[in-house]
Amino acid sequence: MLRSHGVARYLTRSLTTVTKTSEKPLGQAFYDDKILTYANKPVQPVSLHQLIRFGQTPSSNQSAQYARTELPVRLARRVRAFQTLPFIVGTNPYIREIYRLYYDSFESLEPFVQMKQFDPVTYADKLKDLVERHTDNIPTLARGFLECKQYMDPHDMAIFLDEVIKARIGIRLIAEQCIVLTEQDQPQQQPRHFGIIDTKLQPSQLVQHCAEFVAELCDFNYGVSPETIVNGHVDTSFTYVPVHLEYILTELLKNSHRATVEHSRKQQLVDVPPIEVTISHSQEEIGIRIRDQGGGINEDSLAKVFDYSYTTVKKPGEDDDQLSIFNGMAQMAMQSGVGGPLAGLGYGLPLARMYAQYFGGSLTLVSMNGYGCDTFLKLKHIDQSLAEGLEI
Amino acid sequence: MIRVSKRLTGGSRAKVSEPQFYANKAVQEYAQFKPTPITLRQLLFYERHRTNERLLKSANYVRQELPIRIAHRLRDMQQLPFIVGMNSHILTVYQLYLDAFERLRCCKPIETLGDNARFCQTLQHSLQDHLVVIPHLALGMQECQEYITIEKRDNFMNTLLRSRISRRVLAEQHLVLSGCPPVVTSAANDDLPESGKTMVFQHCKAQQILRNCISRLEPKYPGIKMIIQQSCDVEFSYVLDHIEYILYQILRNSLCHTKSRHPSHLHACPPIYITVCANDTDVYFRISDKAGGIPASVYPQLWSFGRHGNFKNVKTWTGTINEQIANENDPAAAQLMPLGMGLPMSKVYAEFWGGDISIMTLDNFGTDAYVRIPKLGDQLEHLDEEFSASDLHSQVDSGSLAEHRKYFVIK
């Protein structure tokens, strides 16, 4: 399910979000005990193995059956989490927007739980609509929390964001799996894809793809871009959720590209040093090492690099370089993410790490300050034996 | 009532007996003092500006400091589980330490050069006698595997070794200041300043150290190229032995594993790439190999001591590469390799002056080792205990950084 990434698409995407929620008065929530009822139900995690199995017999609609009881519980929990934020934070328009969105989503899915004439196709359509509406959650929340910096303890904020992002990944996984499977007619003969899971995902191909995209943005923004060399076990393939890996790789490559170009400018180098991506495949995991000569990160910054809202990106107004009218937009595009314009809000790395860790992987940065960074992305195989234990 | 210890002289060894409970008063007293950590820069200053007055000052600093540090280690050993402490190897080490403590504690204040000369002799004896500590300790710890968790054991060893380095460096440096030959440290002859004095800390040229290690290893692993991909002319002051040891260990590991991964195609082995870079405050060495990586089952124990534990026939251990190369060349000793001390010891050496070692691996492909060494010598000794600034600091160098370095790896 790779989306095409035209540069133009990013440049024309506006930053202002359209209100997508109903105008129900906030106060009504206090008397609404449906949320409490659902939020207090236990979460029924599903293993990745099971999700794959849903995909093996899509006609049985197991995926939809699971989703219709599970999603309201998870959504209700998110609503509860928002309700526990400090009052002043909850009144911030961006945060309130997302709160309303979760509330509305819960309300629209809750009727399906007990529905006698349950039609998976209608349900899947509903899910599709909701998935689309929730696309910009993270950037919107980011804006909101940026504005609420002085009202909330950063530690509490980090916990809240960790939870909401983790939950979001899970909810979207369940929803998207359901959508794709419902659209599929029959099980394929030797299926490569089980819904949104690809069993023959080639990391090297994905790296090339993301590198091309990022290099284009980089060219647009800086006029030059480093070459990306891919080596190691290039022919390897494994089972994973392509969108997740795509997101992580794009974020990491963006950081490397930006750092490399800016550093080589400062050093007044003639040639921009290349970025080397090495892929390894072992029994336990896939390793992807991204090595750049972008000047590294100093220790103080390194300690904060996984903090939300920590960014080294200058705001557009601060830059001296005003060569073209496209500069501002191109800059924002450069700093934007696959999931929407992030505009250097400092969520790239924490999100990437969350995705990496979601299925038991890890993201480690080694910085040689003054020279460059090596980033190690390790992802566990989601094969039959391992997936049993991994719960979403 | 304090038990009078027998002096360790030449060949005779005091009988290893159980520690006395009521004889602990002196140890307790000294253990109450905090050690006074020092920065490399301060030591260097003393080394480069020698006067008699400073010599005596240094002598008294060492005289007071060593017993304090030893007392802390004795107390650590006293806290080990009883059964561990009763192991004969651990007891031997305990006895050695106790004797050294008593000896140094009873030294009178040093007021003349003659006093100093006698003090130096005491130091030399201790340094020589204590070369057996590490083999005994490693064996002892290995024998006590059942009685102590790996974590506790590694913590204990790390603290002990760090303290040991600190004491030996202090002692050796004082010997050098006094014009006596150091016992172990290769006070380099190729770096003699104009006055012809030898030094414990030297101007280390990153490129030169690397080339030295490479040239020593090349003959053993012909066909595997070690390519310095990127380098710079960085110089820093360090104990040459320590930095050489670290680089030698890592390179040797890379070579050894590259060879075993491609046994039949020695001349088609993937090369090892080395990068050296520096910024204002640090030097970085990165050694990348394609030797197959480290499996997840081994990786967590990389830094544990004595994994292989072939210390049975090893009598003394200095922790220098001269000794290691001598062992490798001697067929009898070579059979005892590997000792499983290379990496943990490298970590102790690196972290001691505020540096760092990190090893990242791509399983089934290769490994990257990163060594960071502070350049400015303004890091305090990493003694792992609470410390406070001392008078010595303010006299010599009021600009020292009293913090320990933050990490350069984050996950």
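- Chain B is annotated in an unreviewed UniProt entry as Protein-serine/threonine kinase of Hesseltinella vesiculosa.
- Per UniProt, the comment on chain B under Subcellular location (unreviewed entry) is "Mitochondrion matrix".

- Looking at an unreviewed UniProt entry, one finds chain A named Protein-serine/threonine kinase, with Hesseltinella vesiculosa as its source organism.
- Per UniProt, the comment on chain A under Subcellular location (unreviewed entry) is "Mitochondrion matrix".
- In its Sequence similarities (unreviewed entry) section, the UniProt record describing chain A reads: "Belongs to the PDK/BCKDK protein kinase family."

## Quick look at the overall build of chain A
And then number 1: Along the backbone of chain A there are 16 helices and eight strands.
And then number 2: Taken across its 392 residues, chain A has 55% of its residues classed as buried.
And then number 3: Sequence separation of at least 24 residues holds for 80% of the intrachain contacts in chain A that already meet a minimum separation of 6.
And then number 4: Carbon and sulfur atoms form 51% of the exposed surface of chain A, whose accessible area is close to 17,700 Å².

## Comments concerning the state of the cysteines
And then number 1: This structure, assessed with the given rule, holds zero disulfides over all chains.
And then number 2: Between B:Cys269, a cysteine without a disulfide, and B:Cys256, which holds the nearest cysteine sulfur, the sulfur-to-sulfur distance is 12 Å.

## Some thoughts on the sheet that holds strand β2 (residues 197-201) of chain A
What holds strands together in a sheet is hydrogen bonding between their backbones, with the strands either parallel or antiparallel.
All names here are of chain A.
And then number 1: With respect to topology, three strands assemble into an open sheet ordered β1-β2-β4, the strand pairing being antiparallel. One side of each edge strand has no neighbouring strand; the edge strands of this open sheet are β1 (193-194) and β4 (238-240).
And then number 2: When β1 meets β2, the two strands line up antiparallel, connected through two bridges. If you follow phenylalanine 194 over to β2, its bridge partner there is isoleucine 197.

## Here we look at the interface of chain B and chain A
And then number 1: Taken residue by residue, the interface counts 25 residues in chain B and 33 residues in chain A.
And then number 2: Summed over both partners, the interface of chain B with chain A buries about 2,500 Å², with 57% contributed by carbon and sulfur atoms.
And then number 3: In this structure, the connection of chain B to chain A is made through four salt bridges.
And then number 4: Note that B:Arg372 is salt-bridged to A:Glu299, the shortest N-O span being 2.3 Å.
And then number 5: For the pair chain B and chain A, the interface holds 10 residue pairs in polar contact (both at pLDDT 80 or more).

## Description of the sheet that holds strand β5 (residues 282-288) of chain B
All names here are of chain B.
And then number 1: Taken in spatial order, the five strands make up an open sheet running β2-β4-β5-β7-β6, and their pairing is mixed. Two strands lie at the open edges of the sheet, namely β2 (226-230) and β6 (356-362), each paired on one side alone. Between one strand and the next, the sheet's axes are offset by a mean angle of 20°, whatever the strand orientation.
And then number 2: Pairing between strand β4 (residues 272-278) and β5: six bridges, direction antiparallel. Bridged to cysteine 277 within β5 is tyrosine 284.
And then number 3: On the sheet, helix α10 (residues 240-261) packs against β2, β4, β5, β6 and β7 (366-374) and is oriented at approximately 15° with respect to β5.

What counts as what
- Residues numbered from 1 in each chain as written.
- Chains lettered and ligands numbered in written order.
- Predicted model: local features only at pLDDT ≥ 70, side-chain atom pairs only at ≥ 80, totals over all residues.
- Heavy atoms only, no water.
- UniProt positions renumbered as here; feature names shortened; annotations may be inferred.
- Helix = DSSP H or I, 4+ residues; strand = E, 2+ residues; numbered from the N terminus.
- Buried < 20%, exposed > 50% of the residue type's maximum accessible area, 1.4 Å probe, protein only.
- Contact = heavy atoms within 4.5 Å.
- Areas by Shrake-Rupley, 256 points an atom, 1.4 Å probe, with all protein chains shown as cover.
- Disulfide = S-S within 2.5 Å.
- Pairing = 2+ DSSP bridges.
- Buried area = accessible area lost by both parts, 1.4 Å probe.
- Salt bridge = Lys/Arg side-chain N within 4 Å of Asp/Glu carboxyl O.
- Polar contact = N/O pair within 3.5 Å; in protein donor to acceptor, adjacent residues only side chain to side chain.
- Axes fitted to C-alpha atoms, helices over the stretch in contact; angles between N-to-C directions.

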